[in-house]
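Descriptive structure summary
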Amino acid sequence: MYSTFFLSLTILVTVKCFIPSRFLQGRSNEMIMHRFHSLLQMNKDTRTSNGFEFPNTAKEMDRRSVIFGSAVASSSLLFAPIISSPAMASPKGTNIIPEWTLDGGVQFPTLALNTVGLSADETEEAVRLAKLSGITHIDFHPGKERDGVAQFMKKEGREGLFLNTKIRKAKPGTSPSDAAELARLQIEEDLKVLGVESVDMLMLRDSPDCEVIQAQWAVLENALASGKTKSLGVINFCESAMSCVLQSAKVKPALNYYMLHVGIGKDAHGLRTFCESRGVRTFAYGAVGEPGPSEELLTSPLLKKIGASHKKSPEEVALRWVTQGGAAVSVRPTTNFGLGTSVCKSPKCEEGIRARASSFQWSLTKGEMKALDSVTSPDDNPTLFSSSGCPNSFVMPK
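Residues numbered from 1 in each chain as written. Predicted model: local features only at pLDDT ≥ 70, side-chain atom pairs only at ≥ 80, totals over all residues. Heavy atoms only, no water.

Here the focus is the overall build of the protein chain. Counting its secondary structure elements, the protein chain contains 15 helices and 12 strands. By the burial criterion, 53% of the 398 residues in the protein chain qualify as buried. Excluding contacts between residues fewer than 6 apart, the proportion of contacts in the protein chain whose partners are at least 24 apart in sequence is 72%. Carbon and sulfur atoms provide 55% of the accessible area of the protein chain, an area that totals close to 18,000 Å². (Helix = DSSP H or I, 4+ residues; strand = E, 2+ residues; numbered from the N terminus. Buried < 20%, exposed > 50% of the residue type's maximum accessible area, 1.4 Å probe, protein only. Contact = heavy atoms within 4.5 Å. Areas by Shrake-Rupley, 256 points an atom, 1.4 Å probe, with all protein chains shown as cover.)

In structure tokens:
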């Protein structure tokens, strides 16, 4: 009893001594200790992207490392936003979303809400539900999704949100100079509509014209230099597109956003090794398939069997395979989606977002990961929505 009291007291004192005061604003002693103990209760196999491990109980941890290691090293986890609505919290406690530290010290949450295909009002609602569940990374397109994000921020404010948006593709035949100007104008428009001076990430789509890629990338680099964005990424860049942008880039992309799901293989046909060997991380979409959910994945006997052992659905298993494999991921709120369409209507939307937000609270075993790694179907092109400059790109149905 006394040792537990003094351990808790020492943790509290250590946290308040070592953690910058800006992280402690609004946190009572009870809130700090609740967050610390919720970390201790996480599954032993659960790790953040940089390998930090949280054992099941305090007894399994060396007391000195608890006091002087965990309390300081996991400050970004201890002081992530506290969920304000008990109804939205996971049954196992507050959701912890691991983060990557990008160049410039940018903290990149590795689980994002993908608003693609939602209306403005549904985007606003999805953002609200996501934030309540602990998902603060919002991955949206210009247009109606952007407008929905703007609606949310007008009512609730931007605090705590990671805003990640995309540059529209230039039409085939657009000159490099015109493509660059289109990118510049879009950035100005998006910032004005959102009512902010900067976003957290801008992502560039590919083009069959390497000069267009390079001209638009230079515009994004200027936006970074002028403080209009904090980081840069690319979307659906195959090896040739990645080689193109790296030839002229002063700032290389922090990540490549492409499809990754069970069946494609953990190396995404070599694209992952190609990019990560050049310092470009993997940010995935389509954990259950695109442009619509894969029936093969959702009815897979293997995914069902693994899910049953953890009391999880096949889609939750598919998502955990991606994140446990070390990639960041952007998730649709439900499996009710198709090409250019998506739906966020409660209770399904609320339930779907809450389940996705809790995906880091459990782990697949090594044997389960190995079995899922070896699955070869359904196979897909990781850069499915790339331009014609990349192999096997998507062709819009007539």
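Along a regular strand, successive side chains alternate from one face of the sheet to the other. The element strand 8 (residues 255–259) is extensively covered by neighbouring structure, given that 5 of its 5 residues are classed as buried. What you see with strand 8 is no split at all: L255, Y257 and M259 on one side and N256 and Y258 on the other are buried throughout. Here strand 7 (residues 232–235) runs beside strand 8; their pairing, made up of 2 bridges, is parallel. Bridging across to strand 8, V234 finds its partner in N256. In the classification by handedness, the crossover that spans strand 7, the intervening helix 9 (residues 239–248) and the parallel strand 8 is right-handed. Relative to strand 9 (residues 281–285), strand 8 runs parallel, the two being bridged by 5 bridges. Residue pairing in the sheet places N256 in a bridge with T282 of strand 9. Taken together, strand 8, helix 10 (residues 271–276) and strand 9 form a β-α-β motif whose crossover is right-handed. (Pairing = 2+ DSSP bridges. Right-handed = clockwise from strand over helix to strand, strands pointing away.)

This part takes up the sheet that holds strand 3 (residues 111–114). Spatially, 3-4-5-6-7-8-9-10 is the arrangement adopted by the 8 strands of the closed barrel, whose pairing is parallel. Sheet twist, expressed as the average angle between the axes of neighbouring strands with direction ignored, equals 25 degrees. (Axes fitted to C-alpha atoms, helices over the stretch in contact; angles between N-to-C directions.)

Moving on: the pairing of strand 3. Across the two faces of strand 3 the burial is the same, with L111 and L113 and A112 and N114 all buried. Direction of pairing for strand 3 relative to strand 10 (residues 328–331): parallel, over a ladder of 3 bridges. The partner of A112 across the bridge, within strand 10, is S330. With helix 5 (residues 120–133) bridging strand 3 and its parallel neighbour strand 4 (residues 137–140), the resulting β-α-β unit is right-handed.

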